[in-house]
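Residues per chain, in single letters:
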Amino acid sequence: MTERKPAHLDSDTWVEVQIRAAQQRGEFDDLPDAGKPLPGVGEPVEDLWWVKGYLRRETLSAELTLPASLQLRRQVERLPDEVRELPSERMVRDVTKALNERIAQWLSAPSGPWFAVGPVDADEVVRQWRSHRQTEMAKPAVEDPSPPTRVAAGGGWWRSLTRPLRRRHAGGTDTFRG
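Computed from a predicted structure; not experimentally measured.

Criteria and cut-off values
- For every chain, the first residue of the written sequence is number 1, and numbering continues from 1 along that sequence.
- Selection of residues for local features in this predicted model requires a pLDDT of at least 70, selection of side-chain atom pairs for listing and counting requires 80 or more, and totals for whole chains, interfaces and linings are taken over all residues.
- Side-chain numbers come from the whole structure's heavy atoms, not from hydrogens or water.
- Patch membership needs two things, relative accessible area over 30% and no salt bridge, and members are linked within 9 Å if like-charged or within 5 Å if nonpolar (Val, Leu, Ile, Met, Phe, Trp, Tyr).
- Note on areas: Shrake-Rupley with a 1.4 Å probe; residue coverage comes only from the protein chains shown.
- Should a side-chain nitrogen of Lys or Arg be within 4 Å of a carboxyl oxygen of Asp or Glu, the pair is scored as a salt bridge.
- Going along the chain from the N terminus, every DSSP run of H or I of four or more residues is numbered as a helix, and every run of E of two or more is numbered as a strand.
- Throughout, exposure labels follow a simple rule: accessible area from a 1.4 Å probe, protein chains only, divided by the maximum for the residue type, with under 20% read as buried, over 50% as exposed, and the rest as partly exposed.

## Section: a nonpolar patch on the surface
No. 1: On the surface, Val15, Ile19, Phe28 and Leu31 cluster together into a nonpolar patch covering about 320 Å² of accessible area.
No. 2: Here Ile19 lies in helix 1 (residues 11-25).
No. 3: Among the residues examined, Ile19 registers a relative accessible area of 34% and is labelled partly exposed.

Here you go:
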């Protein structure tokens, strides 16, 4: 809007004039979703509909809306699954230590609703991790029934990048142009 509202017009009239002028100029033509119904029309109004829409639109987890103590409890519950595929005991202990530091930080100055959450026993997490690794190693390896894939003769992806720079000699060797 480049003009100021004239003093003799009320706001509603001025807005209507601007909308009609924009329609005549075609500024509303070819808008995305033109002719489609508005989302949510006819559905019951939910509490915090805008939060749910934001989470869905931004593909965020609803866990971010939970109080810190519940977020920490969920992290404690998921810890064995998170560390299961880690390659070393040191990494398992580091992940557990980082979680325990976040828990200690929250316990030193709790905010929001209080849910019981305490530090994780790193030795117990390592014991579960070792137990899982031993059962995985004890399983027999399953052979892949599909035949192995072959790389096409003539090189890989890097050859296609340097092909314009190469020329073939009669002997069949590639050399760079220079």
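What follows continues from the structure just given.
## Considering the pattern of salt bridges
No. 1: With the rule as written, the count across this model stands at 11 salt bridges.
No. 2: With its nearest N and O atoms 3.4 Å apart, the salt bridge here joins Asp33 to Lys36.
No. 3: Classification of Asp33 as exposed rests on a relative accessible area of 55%.
No. 4: Overall, the relative accessible area of 54% leaves Lys36 in the exposed class.
No. 5: Asp81 is the partner of Arg84 in a salt bridge, and the nearest nitrogen-oxygen pair spans 2.8 Å.
No. 6: Each of Glu89, Arg93, Asp123 and Arg130 takes part in a single network of salt bridges with overlapping partners.

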